[in-house]
Amino acid sequence: MKSYRRRASFRAAAAAWPALPGQLALAALIALALLAFGAIAVPDGARAADGGPQIKFTAPIYAGQNNGFAEGPVGTNVSVQGSGWTAGGGDVTMTLADEGHDTSGQPGSACQNGSPTVSIPNLGPQPLGTAGNPSDGFTAIFEWPAGAGAKGHSYWACGTQGGTTAPGVDKFTVLSANRPAVKITVSQAFPGSTITVTGQNWLPGGIQVGVIIAPCVACDSQIISGVTVNSNANGSFSAAAQVPPAAPIGSTLFVSAQSIDQANPNNSGALSTGTSMSTRFTVVAQPTPTPTPTSTPTPTATPTSTAPGTANGEGNGGNTNGSSSDTVLVVLLAALGVVLLIAAVVAVLLFLRSRRPAAGAAGAGGPPYGSPPYGPPGGEYGRYSGPRRARGPRSGPSYADTNADYYDEPPARPPGRGNAGGWQGNPQEWESDGEGDEPTIGMPKPWR
C-alpha cells in the first residue's frame, strides 16, 4: 500500500512538472505584449525621454485638433516647458528643426543629425532656477518666427546644454506663413457708428476672437469698445464693431484683436495683432443731413411786343416774338386758303346745276316711254309738247309684218254709222315722215 502511494505521488509530481515552464512562458508573452502595446499607443508628442532632457509645447493646444499637438500661424505666442536638464549645468539654448529632416525611423533626430535649425529671435538662453535654488526645468514664451514658417510643416523644439543637444520630443504645426491680422475699409467714422472688421490667419474651427477699438493698442483706456466673434474653418472672421460713443472728435482710434479660450487659459492671447498700429481711423463729427430741395415752379414768360422800328426786338426776346408772329400768320393764311377752296367747289356745283334743263321744258327732250301721245292719257308724264315733224301723206306700213301680226285688224266700218266701233283716232294724227316704218307698238289710241 505504501508503495502504491509513493507511485501516485510521483505520477502527480511528474504531471505537474511540464506545466510549470508553460505558465512561465505565458506570463512572459503577456508582459512583452503589454510593452509593445504601450510603445504603439503612446504618440510621438506624448512620449517622454527615459529621464533625459526634453522640451514640450504647452500652448496653444486645442482638444480634438491636430492630434493634440500645438498649432498656429507665424506670430503665434507659443508656450514651452523644459524638464530633465542638469541642474546647475548651465542655461539651455532653444532652436527649431523641421520634422522633414528627421532620419528615417528616428523621430526628433533633426535636432541632432546636423540638419539646419532655426534660431528664435528675442529668446535668450533659459536659466535653470537660481544660483541658490537650482532646477532641472524652465518655462518660456516666444513668438513663432517667420524663419520656421513653411505652411503645413511641423517643427521640433530642440535644446542644447553644455554643448549637448537633446532630440526633439514635441512639435508645432504651422497653419499660415502670415501673421494674424485685422482690416477695416474706412478711414473716418463718427462716434457711436458701426464699422466692419475682418480678420485673417486666425485659428480655425470656431475659436473665439475679441475685437477691440480704443485710442491705443495693448493698453488700458476708458474709451474702448469691443465685440466677440468666432473664426471660420479657414481662420477668417467678420464682425460689426461700434465706435466708442465718447470718442472725441478728431482723435485717432486703433483696431486690434486677440484669441480667447475660456476653457483653457493658457491659450488666451496666443494669437493677437500684437502692437501693430496700422489699422486705425479718425473720429469725425456726424454729418448734418442736407434737406432735400423742393422744386419751385418756373413762371411762364409773357411775350412782349416789339416796338415799331425795332428789328426783332432785343436779344433772344425779339427773335421769340418774331417767330410766334410768323407762326400765327402762316396758320391764318392756311385757313383762308381752305375757305377759298371750299367756296370755289360750291360755285362750280351751282353752275353745273343751273345748266341742266327742267323737266317738261322746251328742249328738255321727249317724254319717257308710255306717255301721250304714245301712251294712254293721264300717264306718268304729261302730253308731248315738243316740235312736230311736217305732216306728209298718210301711208301704211311698208313691210309685211304689220299691226295685224300683233293686233287684230279692226273690223270694216259699216256704212252710214260713222266711226262707231272702229278706229277712234283721227286719221290725220298718224304721221309719217315717209322715211320708214312707223312703230307698231304703242299706238296713239287702243281699240275699244
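Residues numbered from 1 in each chain as written. Predicted model: local features only at pLDDT ≥ 70, side-chain atom pairs only at ≥ 80, totals over all residues. Heavy atoms only, no water.

Participant: What is the right way to look at the packing of aromatic side chains in this model?
Facilitator: The geometry of an aromatic ring pair comes down to the distance between the two centres and the angle between the two planes. Per the stated rule, a full pass over the model turns up six aromatic pairs. Measuring from ring centre to ring centre gives 6.2 Å for Phe 57 and Trp 144, while their planes differ by 50 degrees; the resulting arrangement is tilted. Of this pair, Phe 57 sits in strand S1 (residues 54-59) while Trp 144 sits in the loop between strand S6 (138-143) and strand S7 (154-161), placing them 87 residues apart in sequence. No difference in accessibility class separates Phe 57 from Trp 144, as the two residues are buried. When the centroid spacing of 6.0 Å and the interplanar angle of 65 degrees are considered together, the rings of Trp 202 and Phe 237 count as edge-to-face. With Trp 202 in the loop between strand S12 (194-200) and strand S13 (208-214) and Phe 237 in strand S15 (residues 237-242), this pair connects stretches of sequence that are 35 residues apart. (Phe/Tyr/Trp six-rings, centres within 6.5 Å; stacked < 30°, edge-to-face > 60°. Helix = DSSP H or I, 4+ residues; strand = E, 2+ residues; numbered from the N terminus. Buried < 20%, exposed > 50% of the residue type's maximum accessible area, 1.4 Å probe, protein only.)

Participant: Looking at this structure, I do not really get the confidence of the model for the protein chain. What am I missing?
Facilitator: Caution applies to low-pLDDT parts of the model: their predicted coordinates are not meant to be read in detail. With 61% of its residues at a pLDDT of at least 70, the protein chain reaches an overall mean of 74. For the stretch residues 24-49, pLDDT sits under 50, and the model shows 14 contacts to residues farther than four places along the chain or on other chains. (pLDDT = per-residue confidence, 0-100. Contact = heavy atoms within 4.5 Å.)

Participant: Explanation requested: the nonpolar core in the structure shown.
Facilitator: When a protein is soluble and globular, its nonpolar side chains tend to lie buried together. Counting 25 residues, the largest nonpolar core has Ile 195, Val 197, Phe 237, Val 255 and Phe 281 as the members making the most contacts within it. Among the secondary structure elements, those contributing two or more residues to this core are S12, S13, S15, strand S16 (252-260) and strand S17 (280-283). The residues touching Phe 237, leaving out its near neighbours within four places in the chain, are Val 182, Val 197, Thr 198, Gly 199, Trp 202, Val 209, Val 211, Val 229, Asn 230, Ser 231 and Asn 232. Core analysis: the next-biggest nonpolar cluster, separate from the first, contains 24 residues, Ile 55, Val 78, Met 94 and Val 118 among them. (Core = buried A, V, L, I, M, F, W, Y, C linked by side-chain atoms within 4.5 Å.)

Participant: Whenever I open this one, the sheet that holds strand S3 (residues 77-83) confuses me. Can you help?
Facilitator: Working definition: the strands of a sheet are paired by backbone hydrogen bonds and lie parallel or antiparallel to each other. The strand order across the open sheet built from three strands is S1-S3-S6, with neighbouring strands paired in antiparallel fashion. With partners counted over all chains shown, the strands left at the sheet margins are S1 and S6, one partner each. With strand direction ignored, the average angle separating the axes of adjacent strands in the sheet is 30 degrees. Two elements, S1 and S3, share five bridges in a ladder whose sense is antiparallel. Pairing of Gln 54 across the sheet is with Ser 83, part of S3. (Pairing = 2+ DSSP bridges. Axes fitted to C-alpha atoms, helices over the stretch in contact; angles between N-to-C directions.)

Participant: In this structure, what is going on with the sheet that holds S13? I would like to understand it.
Facilitator: Ordered in space as S11-S17-S16-S13-S14, the five strands form an open sheet in which the pairing is mixed. Two strands close off the open sheet at either side, each with one partner strand: strand S11 (188-189) and strand S14 (225-230). Bridge count between S16 and S17: three bridges; the pairing is antiparallel. Within the sheet, the bridge partner assigned to Thr 252 lies in S17 and is Thr 282.

Participant: In this structure, what is going on with the side chain of Thr 76? I would like to understand it.
Facilitator: Among the structural elements, Thr 76 can be located in the loop between strand S2 (70-72) and S3. On the basis of relative accessibility, which here comes to 0%, the residue Thr 76 falls in the buried class. Ignoring any residue separated from it by four or fewer positions in sequence, one finds Thr 76 in contact with Pro 60, Phe 142, Glu 143, Trp 144, Phe 172, Ala 270 and Leu 271.

Participant: Help me understand the state of the cysteines in this model?
Facilitator: Between two cysteines, a covalent bond joining their sulfur atoms is known as a disulfide. Applying the stated criterion across every chain yields a total of two disulfides. Residue pairing for Cys 111: its cysteine sulfur links by disulfide to Cys 158, the two sulfurs lying 1.7 Å apart. Its S-S torsion of about -70 degrees marks the bond between Cys 111 and Cys 158 as left-handed, since a negative value means left-handed. With Cys 111 in the loop between strand S4 (93-98) and strand S5 (117-119) and Cys 158 in strand S7, this residue pair connects regions lying 47 residues apart in the sequence. A relative accessible area of 11% means that Cys 111 is categorised as buried. (Disulfide = S-S within 2.5 Å.)

Participant: I keep staring at the pairing of S7 and nothing clicks. Help me out?
Facilitator: In regular strands, side chains alternate between the two faces of the sheet. By the criterion of burial, S7 is predominantly enclosed, with seven of the eight residues buried. Both S4 and S7 contribute to a ladder of six bridges, which runs antiparallel. When the bridges of S7 are listed, Asp 98 appears paired with Tyr 155. Pairing of S7 with strand S9 (residues 171-174) involves three bridges; the strand directions are antiparallel.

Participant: Explain the pairing of S16 here, please?
Facilitator: Across seven bridges, S13 lies against S16 in antiparallel orientation. Each residue of the ladder has a partner; that of Gln 208, found in S16, is Ile 260.

Participant: Whenever I open this one, a nonpolar patch on the surface confuses me. Can you help?
Facilitator: Taken together, the side chains of Val 338, Ile 342, Val 346 and Leu 350 make up a nonpolar region of the molecular surface, amounting to roughly 370 Å² of accessible area. The topology assignment puts Val 338 in helix H3 (residues 315-354). Overall, the relative accessible area of 49% leaves Val 338 in the partly exposed class. (Patch = residues over 30% accessible without salt bridge, like charges linked within 9 Å, V, L, I, M, F, W, Y side chains within 5 Å. Areas by Shrake-Rupley, 256 points an atom, 1.4 Å probe, with all protein chains shown as cover. Salt bridge = Lys/Arg side-chain N within 4 Å of Asp/Glu carboxyl O.)

Participant: Would you mind showing me how to read the pattern of salt bridges here?
Facilitator: Side chains that differ in sign of charge can pair as their charged atoms come close. Per the stated rule, a full pass over the model turns up three salt bridges. As a salt-bridge pair, Glu 99 and Lys 171 come within 2.6 Å of each other at their nearest N and O atoms. Of this pair, Glu 99 sits in the loop between S4 and S5 while Lys 171 sits in strand S9, placing them 72 residues apart in sequence. For Glu 99, a relative accessible area of 27% gives the class partly exposed. Residue Lys 171 is classed as buried on the basis of its relative accessible area, which comes to 10%. Across the salt bridge formed by Arg 179 and Glu 143, the nearest N and O atoms sit 2.6 Å from each other. Taken together, the residues span a long stretch of sequence, with Arg 179 in the loop between S9 and strand S10 (181-183) and Glu 143 in strand S6 at a distance of 36 residues. The class for Arg 179 is partly exposed, based on a relative accessible area of 44%.

Participant: Could you clarify how one ought to interpret the side chain of Asp 98 in this entry?
Facilitator: Position of Asp 98 among the secondary structure elements: in strand S4. Buried and unpaired, Asp 98 has Lys 171 as its nearest opposite-charge partner, separated by 9.4 Å. Side-chain polar atoms of Asp 98 contact the backbone nitrogen of Gly 100, separated by 2.9 Å. When neighbours within four sequence positions are excluded, Asp 98 is seen to be in contact with Ala 110, His 153, Ser 154 and Tyr 155. (Lys, Arg positive; Asp, Glu negative; His and termini not counted. Polar contact = N/O pair within 3.5 Å; in protein donor to acceptor, adjacent residues only side chain to side chain.)

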